[in-house]
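Reading the structure
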Amino acid sequence: MIFTVKKRDGREMPFNIEKISDAIVKAFRASGELNDQIKASQEQIDLLGHEDVLSSTALKVAAYAVGRLEAEGKTKPDIEEIQDAVEKALTDNNYADTAKSYILYRAERTRIREVNTRLMHTLRDITFSSAKESDLKRENANIDGDTAMGTMLKYGSESAKHFYTMMMLKPEHSQAHMNGDIHIHDLDFYSLTMTCCQIDLIKLFKNGFNTGHGHLREPKDIRSYAALAAIAIQSNQNDQHGGQSVPNFDYAMADGVRITYRKAYLSNMVKALMLFTGKEEEEIQPVVKKLHSEMAEMGMVATLVPNEKFVETEARELSKSFDTEMVMKAQKFAEKQAYEETDKTTFQAMEAFVHNLNSMHSRAGAQTPFSSINYGMCTDPEARMVMKNLLLTTDEGLGGGETAIFPIQIFRVKKGINLNEGDPNYDLFKLACKVSAKRLFPNFSFQDAPYNLQYYKPGHPETEISYMGCRTRVIGNNYDPTREISYGRGNLSFTSINLPRIAIKMRSIDLFFKELDRMLQLVSDQLMERFAVQSRRKVKNFPFLMGQGVWIDSDKLGWEDTVGEVIKHGTLSIGFIGLAETLVMLTGKHHGESESSQQLGLKIIGHMRDFCDKESKRLGLNFSLLATPAEGLSGRFVRMDKKKYGIIPGVTDRDYYTNSFHVPVYYKISAFKKLALEAPYHALTNAGHISYIELDGDPTQNLDAFEKIVRYMAEVGIGYGSINHPVDRDPVCGFVGVIGDTCPRCGRSDGHYISEEKLNELRKKFPGMPAFRGIR
Amino acid sequence: MSDKEKSLYGEGVCFERIRRITGYLVGTVDRFNNAKRAEVNDRVKHGV
């Protein structure tokens, strides 16, 4: 006889046959196999001796199962053994459908149990291991997983992912994600928000804005312009999980410089007149101020590059109160002083802006906002002053000479504006190259690439190409072709396809395309599911992004309105990883090695782009193809594929899949060949792309080579590119440059000490050396 | 602290090595996940 059962956790519990029959009742209900008999018995409900068909049959099956266990001599069966016996009992008694339901019920229970266990394991890992040991804690390199807020963020993120995969995703999407066919990015934010946005600062600053913690007035000089720009980025970051970008940094900040100059000119004019006339401020200031405001009403203001109309009118009017010669001298003085003061203030404003973006926190304090700024095209003197000073402060580095991690700076390159000698911003292009050669930023975007140029309307900065963060690009607009602009728009969500796996599974090129089509459709459906969830969100869920009118057309909505219509301006993007490994699997060679592989690569990516365009037409939305950035994903797919298919040389034999369409990082190739091979993919990946070149040594020593590469990017049709080179720093002596095993300045090796004498000696030689903790 | 320790500086302080990861810069390779770390190690320089 059976008196006890062994539970999964090992405890022994009294045996209770009703627990078994209860589970069988559920299975009968699910299969409906007893429905006819139940109905018949209900019709005879009045008759004596009636019994519940369902429970009596279930009890009989349970008894049969127990009989089997006893016959096998199992006196203390465990749960699995009991369930096996029940399955057998149902089959033996010809309840085939119910046996099937029972098996499904078992599988579902197992799945839930496993997920729960996995979640607990994950939370334990987050709690007890340091970021050094735990890959999970280093999923995103810009979050410090060891801090309290970083850990709390991770708990939330991992729990949310589990919840969504179990409860919200369609089973086919959830399964495809979990088994690594696809990757749903930012799954932890699935039901909450959209990815990113290009923030139009000019619109936001007009009449001021509200961060939710108080109203900020329209800024009145370049310092407050720059401070508010950082606050806007920070505030919007709390409403979205992706990057935050400013598409018009040069144009927007120029307005701040204009105001600063005007004020500086006025105060210096007053000072000069005081000095020349010997009169008191109270006598002069009201006169000049009144004149300036009257002139401003007629559209005449002091400008960084003096304009004749203002200068002449001012001279004429002031001459009525003061000596003409004195007035003209005062004007010259004020122009010169105001220019210098504005220049200095602008530098300080840019310095503070960069400092702020590297120190102000968002997301429960776990990381600084993911910020980007685009600039380079505005040729106004005020904008040029902004860009010059931004580049100069970037060149200097942060307080201790460190390279600033944020914002990502993107310099827009265009012929006739800044690319060639004689172009109005050519000097800034040269400076951008010099700074990038030292500090890795700015990156370069290319307005003349045909697929960027097609949207560009001179005089309309909103049509200039803007990139953000890793590479996201939003410009075309199938939903509303009259709004093909970057301002106020961004990506809604993106999901990537595991391309190498399709190649491993299918082997032949024909079958590859068939399976690719199936996967594309699956991802499109999944993006639409998520879009439906996002569409139901309300303005109040995004107090800054929507509440302050940052997102396009959100200013037309009320607090309780859903955002469904306005987010149609955003993009739904299909991404991919590992084109190189895919090509190796299909042809034996990647696109760096063989021209025919390159042709196949372009065919594959072109096919994916066609699919996106067709879906856009079919659904009236913006589907676009993304060269996925893939930070966490770089290892996830290949880990799973290695387990599933073993090590395949050139395909699964490394710890990462090659990024998007890149030629593999380990492949020896010239910078120019690499760019020429990758450029055609930029034209196809309309949701975003980037190409990198790795330079050896210190490129500041070879600026010509650096510039040559940037020019070549423009020539071959790269949309967005940057040049990598080692930027090392020794915090002890402050050296910045290439550090091998030992520091070229102080000679210490990693983690080793230097003596006080040596340090003092260095300090004499390099007076700019930063203070290091413990060093006098 | 002994006199000897007082006059030595930088023990345990590592060099910062800034690298680009997907598009963002990261101040230290320590924060990279295992896959990205492997990729950074594999990167070869491109000739000009």
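Residues numbered from 1 in each chain as written. Chains lettered and ligands numbered in written order. Predicted model: local features only at pLDDT ≥ 70, side-chain atom pairs only at ≥ 80, totals over all residues.

Digging into the overall build of chain B
- Summing up its helical and strand segments, chain B has 2 helices and 3 strands in all.
- Put simply, chain B runs from its N terminus to its C terminus through helices and strands in the order α-β-β-β-α.
- Within chain B, the fraction of its 48 residues that count as buried is 42%. (Helix = DSSP H or I, 4+ residues; strand = E, 2+ residues; numbered from the N terminus. Buried ≥ 20, exposed ≤ 12 C-beta atoms within 10 Å, placed from the backbone.)

Quick notes on the sheet that holds strand β15 (residues 623-626) of chain A
All names here are of chain A.
- In spatial order, the strands read β3-β13-β14-β15; together these 4 strands make up an open sheet with mixed pairing. The sheet is open, and its two borders are formed by β3 (182-184) and β15, each paired with just one other strand. Sheet twist, expressed as the average angle between the axes of neighbouring strands with direction ignored, equals 25°.
- The sheet contact formed by strand β14 (residues 571-577) and β15 spans 4 bridges and is parallel. Across the sheet, residue Leu572 finds its bridge partner in β15, namely Phe623. (Pairing = 2+ DSSP bridges. Axes fitted to C-alpha atoms, helices over the stretch in contact; angles between N-to-C directions.)

Description of the domain arrangement of chain A
Residue and element names in this part refer to chain A.
- Per the domain assignment, the segments making up chain A are domain 1 (4-106), domain 2 (182-189 + 469-669 + 685-689), domain 3 (197-370 + 378-406), domain 4 (409-465 + 691-724) and domain 5 (728-765).
- Between the C-alpha centres of domain 3 and domain 4 the distance comes to 26 Å.
- Across the contact, 10 residues belong to domain 3 and 13 residues belong to domain 4.
- The leading source of residues in the side of domain 3 that touches domain 4 is helix α14 (residues 381-396), at 6 residues.
- Looking at the side of domain 3 that touches domain 4 residue by residue, the class counts come to 3 nonpolar, 4 polar and 3 charged. (Domains from an automatic or database assignment. Contact = placed C-beta atoms within 7 Å. Nonpolar A, V, L, I, M, F, W, Y, C, P; charged D, E, K, R; others polar.)

Topic: the packing of helix α1 (residues 17-31) of chain A against helix α5 (residues 96-128) of chain A
Residues and elements named next belong to chain A.
- In contact at an axis separation of 8 Å, α1 and α5 are set at 115° when each is read in the N-to-C sense. For the pair α1 and α5, the crossing hand works out as right-handed. Residues Lys26, Ala27, Phe28, Ala30 and Ser31 of α1 pack against Asp97, Thr98, Lys100, Ser101, Tyr102 and Tyr105 of α5.
- Its residues assigned to classes, the contact of α1 with α5 shows 5 nonpolar, 3 polar and 3 charged. (Left-handed = near helix turned anticlockwise from the far one by under 90°.)

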